[in-house]
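Commentary on secondary and tertiary structure
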Amino acid sequence: MKTNYVGKSVPRVDALEKVTGQAIYCVDVELPGMLYGAVLRSPLAHARIIEIDKSAATRVPGVKAVVTGNDFPYTFGHMVKDQPFLAMDKVRYVNEPLAAVAADTEAAAQEAVEKIQVKYEELPAVFDPRKAAATGAPIIHENLERYDHSSMYKIVPGTNVCTHMTYSRGDVDKGLSEADEIFQNEFYIHPVAHTPMETHAAVVQHDPSGRVFTVWSSTDAPYQRAKDLANALGLSFNQVHFLSTYSGGGFGGKGAIVAEGIGVALARFTKGRPVKVVFSRQEELTASQVRLEAFLKLKTGVKKDGTLTARVAEITWDNGAYSSKGPEVARRGAMTIFGPYRTPHIRFVSQLVYTNKQPSGAYRGFGTNQVTWACEAQMDIIANKLGINPVEIRLKNFYQDGDRYINGQVMQAAGLRETLEKASQEIGWGEQYSRSTGALVRGKGIATTIKGTATPTDSYCFIKVNFDGSITVLTSSVEIGAGQKTVLAQIAADSIGVPLDSILIPNPDTHVTPFDFGVTSSRTTYHMGNAIRMAGQKVRKEILEIAADVLGANPQRLLLCEGKIMDKDSEHEVSLKEIMTKKYGGKGGTILGDGHYTPARSSIINAEHKIQWMGSIFWMWATHAAEVEVDTETGVVKVLRIAAAHDVGRAINPMACEQQIEGSVIMGISNTLFEEFKMDRGRIMNDTFADYKVASMLDLPVIVPIIVESHHSEGPFGAKGIGEPALSPTAPAIANAIFDALGIRFNELPITREKVLSALRERDPVQ
Amino acid sequence: MKISIDLTVNGERHQVDTTPWITLLELLRETLHLTGTKEGCGLGECGSCIVLVDGRPVNSCLMLAVDARGRQITTIEGLVSNGDLHPLQQSFIEKGAVQCGFCTPAMILSAKALLDENPDAGEEEIKQTLSGIICRCGNYKKIIEAVRTASDGKADS
Amino acid sequence: MNRLKPFAYFEPTTLPEAIEILAAKKGAAFPLAGGTDLLVRMKRGVIKPSTIVNLKRIEGLDQIKKEPGRGVRIGALATFSAIEDSHLLRLSHPVIAQAVSVLACPSIRNLATMGGNIGRASPASDAAPFLMILGATVSLKGPQGERELGMGEIFSGPGTTASRPAEAITSLLLPDMASHSGAAYLKIGRREGMDCALAGVAALVTFSGGKREAEDTKIALSAVAPVPMRAKKAEKTILSGRLTEKCIREAAKVASEEISPVSDMRASASYRREVVRVLTYRALMTALQQAREG
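Residues numbered from 1 in each chain as written. Chains lettered and ligands numbered in written order. Predicted model: local features only at pLDDT ≥ 70, side-chain atom pairs only at ≥ 80, totals over all residues. Heavy atoms only, no water.

A look at helix H9 (residues 326-335) of chain A
Residue and element names in this part refer to chain A. Condition: Burial status follows relative accessibility: with a 1.4 Å probe on protein chains alone, a residue under 20% of its type maximum counts as buried, one over 50% as exposed, and anything between as partly exposed. Numbering of helices and strands runs from the N terminus, with a helix taken as a DSSP run of H or I at least four residues long and a strand as a DSSP run of E at least two residues long. Throughout, a contact is declared for two residues whenever any of their heavy atoms are within 4.5 Å.
Of all 10 residues in H9, 10 are buried, a share of seventy percent or more. Within the sequence span of H9, burial applies to Gly 326, Pro 327, Glu 328, Val 329, Ala 330, Arg 331, Arg 332, Gly 333, Ala 334 and Met 335. On its buried face, H9 sits against strand S9 (161-169), strand S17 (308-320), strand S18 (345-354), strand S19 (360-361) and helix H10 (368-386).

Things to note about unusual backbone geometry
Residue and element names in this part refer to chain A. Cis geometry is found at the peptide bond from Thr 455 to Pro 456, where omega equals -10°. The step from Leu 749 to Pro 750 runs through a cis peptide bond, and the omega angle for that step is 0°. The backbone of Glu 562 sits at a positive phi, close to 55°, despite the residue not being glycine. Locating Glu 562 in the fold gives a position in the loop between strand S25 (558-561) and strand S26 (564-567).

As for the side chain of Ser 107 of chain C
Position of Ser 107 of chain C relative to the elements: it lies in helix H6 (residues 106-109). Using a relative accessible area of 4% as the deciding quantity, one classes Ser 107 of chain C as buried. With residues up to four places along the chain from it excluded, the contact list for Ser 107 of chain C reads Ile 50, Pro 57, Val 58 and Asn 59 of chain B.

Considerations on the side chain of Thr 510 of chain A
Residues and elements named next belong to chain A. Note the cut-off: Under the rule applied, a polar contact is a pair of N or O atoms within 3.5 Å (in protein, one hydrogen donor and one hydrogen acceptor; residues adjacent in sequence only if both atoms are side-chain atoms).
Tracing the chain through its elements places Thr 510 in the loop between strand S24 (503-504) and helix H14 (524-551). Separated by 2.8 Å, the side chain of Thr 510 and the backbone nitrogen of Phe 242 make a polar contact. With sequence-adjacent residues up to four places away left out, Thr 510 is seen in contact with Pro 222, Tyr 223, Phe 237, Val 240, His 241 and Phe 242.

Some points on the nonpolar core
The following threshold applies: Joining through side-chain atoms within 4.5 Å is the link that ties buried Ala, Val, Leu, Ile, Met, Phe, Trp, Tyr and Cys residues into a set, and such a set is a nonpolar core.
Residues Phe 348 and Ile 406 of chain A, Leu 24, Phe 92 and Met 107 of chain B together with Leu 131 and Met 151 of chain C are the most contacted members of the largest nonpolar core, which totals 259 residues. For this core, the element with the highest residue contribution is H10 of chain A, accounting for 10 residues. Apart from residues lying up to four places away in sequence, Met 107 of chain B is in contact with Met 697 of chain A together with Phe 92, Leu 130, Ile 133, Cys 135, Tyr 140 and Ile 143 of chain B. Ile 532, Leu 558, Leu 560 and Ile 565 of chain A belong to the second largest nonpolar core, which has 49 residues in total.

Here we look at the domain arrangement of chain B
Residues and elements named next belong to chain B. Heads up, the rule is: Here the bounds of each domain stem from an automatic or database domain assignment. When two parts are put together, the accessible area they lose, computed with a 1.4 Å probe and summed over both, is reported as buried area. By definition here, a salt bridge exists when the distance from a side-chain nitrogen of Lys or Arg to a carboxyl oxygen of Asp or Glu is within 4 Å. Only Asp, Glu, Lys and Arg are considered charged in this grouping, and only Ala, Val, Leu, Ile, Met, Phe, Trp, Tyr, Cys and Pro are considered nonpolar; every other residue, Gly among them, is considered polar.
Structurally, chain B comprises domain 1 (3-76) and domain 2 (87-150). The C-alpha-based centres of domain 1 and domain 2 are spaced at 21 Å. Counting residues at the interface gives 16 residues for domain 1, matched by 12 residues for domain 2. Surface buried jointly by domain 1 and domain 2 totals about 1100 Å² across both partners, of which 68% is contributed by carbon and sulfur atoms. On the domain 1 side of the contact with domain 2, Ile 50, Leu 52 and Ile 76 bury the most area, a combined 40% of that side's loss. Summed over the shared surface of domain 1 and domain 2, the number is 0 salt bridges. Applying the counting criterion to the domain 1 and domain 2 interface returns 1 residue pair in polar contact (both at pLDDT 80 or more). Top element by residues in the side of domain 1 that touches domain 2 is strand S3 (residues 50-53). It accounts for 3 residues. Its residues assigned to classes, the side of domain 1 that touches domain 2 shows 6 nonpolar, 7 polar and 3 charged.

Spelled out as structure tokens, the structure:
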């Protein structure tokens, strides 16, 4: 089908507002009578709360409410309902909120917070999930089994194990016995912060008469947050009203109730006055959520020619003190630890363990970063030991169309091979090059990834064709910053046949825009794109029927293109606006089309009995190839070049795909080489950007984004997704390149300058 | 302790009452309601709050409002002139230099100061100039392209 | 977000007035220069000054000017941008622009001042090492009058200077550089963009034209001791022999041995030691080459 917008790098529809400073983010929301919130946070990692004295705080001029956990004794949780809005009986991590103040000014709220007195009884704390899983460890949630949770997540009562899961397919022992070599390796991946430039924020207003909480938020899934809040407070869904703002970045971090929870607790007591809560950067870094830390063991059987015969994985994930989306990360992440490789016999054990640390949750990749780190580093180890080219060993084992995934789903693997071929070619894989100059040594590495999307999940939308021919698309997909509005507007424009600039996509409003699972899991283009496509086709049909009626023509002979209706027979052309005006005259009217996409009935996800939930409606493939230069005297690793090839199905907007790829590469470099939490008894010492270092413009390598288009049979115009898989191959590609340069293998992240030098000195002591 | 100060913001003179402990950032956002200037850390480490003071980029979170007395302040809201976008605003749109947009005002203003001083600025100079602004979307490559598009000289320095 | 707490505020227009206020408030008043460090520490609650004395309205404190026969005088309130852009300094002391280009980032350099940097007495100062090798002296003014301190005397410990109560840093004097001299400042952080130095090394080589001996060599280090320091033992190694590559290698080794680095969340002592050796070597080699060319 010919398209006017799909497939083109049209500029972002939200760019004008953003370059002029007019875009309203959550932190910019101002309402009449608005109060400001501040939070009292725990100085201890694990302690019983004996007493909270808020009397002095309430006397601070301008203070309107001082709220503790006992005043607002509710808990929430998306997967396991384990998290209090404000700590009640005990605190479970340093900086956990335990009281909050609403006041006329931020300064008064802060002053009052400092006047709240708390008596604690300190409890033994545990920070390593492996120790927390052992018998005798301090128990963090005494009544774990009593928490509401989905039966999908197996809790182990009496322990800190929040989710335990095992899965196997084939006969691992048989597979291992068929191997010529067995590789056993352990890997570690560290927690990292999302650091969206806009910290967590919320403005909440409680209308006492209607019992409705209105929440302004830049969260990534307004329906999920509203649902979880309603569920926590015993309200119906329509009593928690989310209004999305623009978002200053999410990366998974805005996929939980964070500032919203504090705002709700305060607004309950401010007699209708709205309350604004904005996290400081220190709060963002220490008390929002982080990527799950993971310890991974991989045992792999391989034939001499590189054929994989069996793989066994054991993963221990750090949940932190509360669950957020940890249980699903531990489940979905574990499933792809075997990589994009055909492996006849597999088994994994995945356990998610509570510790006395900041909660862990979704982070761009949703577990894929962790497992790809282990899988792809080990593929390199295997290739090196067996003397096989790392590109060849991957090609040899890659899924082919028709191969079965670990749950029996038949794979659509087109695109996978192409990502590897193009990325390795771009980096000059196998070519001779000058490897060292003085202290500087170069190397190259590659890594591939497989990433699915949460399946089955649903998206709904409405398209309104207004009486003047302008179009409003009602969707709950937020603009998290990745170009959602632009891509969806392109799909709408081509599905209906109208100009892009006639389309407006307002920010989501859960009282108006219909359900969407969320801007998560790289699902928006595919799922909401499909919903919009359906709704677009409906309104297009109706427009043509109306036009036929108005013009006295045959609707089958009418075309709608760029907002113009043309009669194929007479070649007579009328604008959509004219048709709408003729039809609705002065009294007005609307053409309304709805779209609902669900992959639930698609044959693509057919799998073996009961394990359909492990599959994915589409699989995203990617390969990154990196070239690094290591200063062997200082340990400085300079990433010179990264070629990043991604199978996106079809690039609805190639420039937006490039943004995702280039941005992920930078984030990947940052995660891999610079970012690291420094902890002291559960306290994060580097709680500002002065010491939590993320990549700057001076750390930018040459990035070559490569878009591969395999055309998904059920995707809108063939599209799949791109936001998440772009990050996970970067770390192993860099580590594999460092190995190529130095012959030193780093199995633990991050690979800081100091660690590189230390490893070099261990191997080659200075004379 | 109230202090009355005079300052010019985006060409418009303002006389405002403030206190000495109010930063320029807070004055712009909360008193003058110019929310295009963003706060990302409040500690001078992220660059989101950069505005131009007498044409030079500064972190407005680390400048007291009283020190803006008598100075010319330019915020992102002041870049559109007679309804026309500044060439940098145009190139940021066209080159895809905007993702979440939170660092965008700071990037554009810093780039403006650079190009006002050196219209031929090359890639290395652009990188140095913008190195104090974090873009977590990681859009650095396209931001550099956008600044280079708006600069006169395409040659690297 | 991070907010400042209320304080009493003074905005003197003359230096004597400023000194008078500082003296009257005893230790409770803090002078405000660029604010890039002071305001951060106030926002974080590390310090809680009850009084702020803003020095920015004092005329003439931000000047950079030639002092014939003595060198170049940099006013305490001169920003690092003004210093970096100063045509005068670029000609007289080119190492300064090179060193300042790795100090924080441009927007911070538009605020931060030389006097503030010295007054802060950070062990990891990026300015102190080059001031030390250039033989700068610091002018102070207080209730008892004016005095000068060498860069070797100004720091008394991490975060503290040898200034007396109510004494303010007013300027720095940089003696002219000898001909046939070269200097460089190298630092290492955790990433390429703005970062606190894990180790910083400034080196100066003054080369006697035609000969192979260095007439004068100075090495100064930051982030590897309680205060920025001269590596005097390493300097001696060089002065005692011919300035060969081997000699520089030895000096670098000596420098790494005469420091007393700490292990903290930024880096371990052993990493700092190792890096000081490498950076000292590289800084000396760069300075030597410049000296030969100059």
